[in-house]
Amino acid sequence: MSARLVRPSPYLTFVAGPYVHRVDITTTDIGATIGTRLTYAGVHGLGNRAVPLIAYRPGTRYHDSAEECAVRHLTAALGRVQMSPRVDSTDVSDLALSLADVVQEDGCRLWDPNATEEDSW
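The structure presented is a predicted model; accordingly, all values stated were derived computationally and were not measured.

Trainee: Outline the sheet that holds strand 1 (residues 4-6), listing residues and values.
Mentor: In space, the six strands of this open sheet follow the order 1-2-3-4-5-6, with antiparallel pairing throughout. This sheet does not close on itself; its edge strands, each paired only once, are strand 1 and strand 6 (109-110). Most of the contacts of helix 1 (residues 63-80) go to strand 3 (residues 19-29), to which it runs at about 140°, and overall it touches strand 1, strand 2 (11-16), strand 3, strand 4 (34-43) and strand 5 (51-57). Contacting strand 2, strand 4, strand 5 and strand 6, helix 2 (residues 89-105) runs over the sheet at an angle of about 5° to strand 5.

Here you go:
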């Protein structure tokens, strides 16, 4: 399974079973680096199933580069999990855990977007 980046409003899509699923990307300038948040938005991004997957610092100063890193990380995480055709909460949890492993193996640091700047370092 692979992820595809859609711009100008950045989000990722992947196919599981007959459905196209959407993961929203939010990048935030947090000083010396960019913070990236990935949120599962459900099938075609519809509905109220938005579930935070991960927030991390990919180690770049550029939003475009952070989005490209998100594509690599999501593709690697999707390769590690077994998604059912009808993605449920267990699949989303497995994907979030797999993403945490992938980003840390890539040398990225997890990030708490709700922490103050002094707490996040």
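Trainee: Give a detailed account of helix 2, specifying residues and quantitative values.
Mentor: Along an α-helix, residues three or four positions apart point the same way, because every turn accommodates 3.6 residues. The first and last C-alpha atoms of helix 2 sit 24 Å apart over 17 residues, in line with the 24 Å expected at 1.5 Å per residue. Taken together, the buried positions of helix 2 are occupied by Asp91, Val92, Leu95, Ala96, Ser98, Leu99, Ala100, Val102 and Val103. Next to the buried residues of helix 2 lie strand 2, strand 4, strand 5, helix 1 and strand 6. Regarding helix 2, its N-cap is Asp88, as a side-chain oxygen of that residue lies 3.2 Å from the backbone nitrogen of Thr90 further along. Directly after helix 2, the chain includes Gly107, whose backbone phi takes a positive value near 90°.

Trainee: Let's hear about the pairing of strand 4: which residues, and what values?
Mentor: Summarising burial for strand 4: seven of the 10 residues are buried, a large majority. Alignment of strand 3 against strand 4, held across nine bridges, turns out to be antiparallel. The residue bridging Thr27 from the neighbouring strand is Thr36, located in strand 4. Bridge analysis of strand 4 against strand 5 gives five bridges, and the strand direction is antiparallel. From the neighbouring strand, Leu38 faces strand 5, where its bridge partner is Ile54.

Procedures and definitions
- Residues numbered from 1 in each chain as written.
- Predicted model: local features only at pLDDT ≥ 70, side-chain atom pairs only at ≥ 80, totals over all residues.
- Heavy atoms only, no water.
- Pairing = 2+ DSSP bridges.
- Helix = DSSP H or I, 4+ residues; strand = E, 2+ residues; numbered from the N terminus.
- Contact = heavy atoms within 4.5 Å.
- Axes fitted to C-alpha atoms, helices over the stretch in contact; angles between N-to-C directions.
- Expected span 1.5 Å × (residues − 1).
- Buried < 20%, exposed > 50% of the residue type's maximum accessible area, 1.4 Å probe, protein only.
- Polar contact = N/O pair within 3.5 Å; in protein donor to acceptor, adjacent residues only side chain to side chain.

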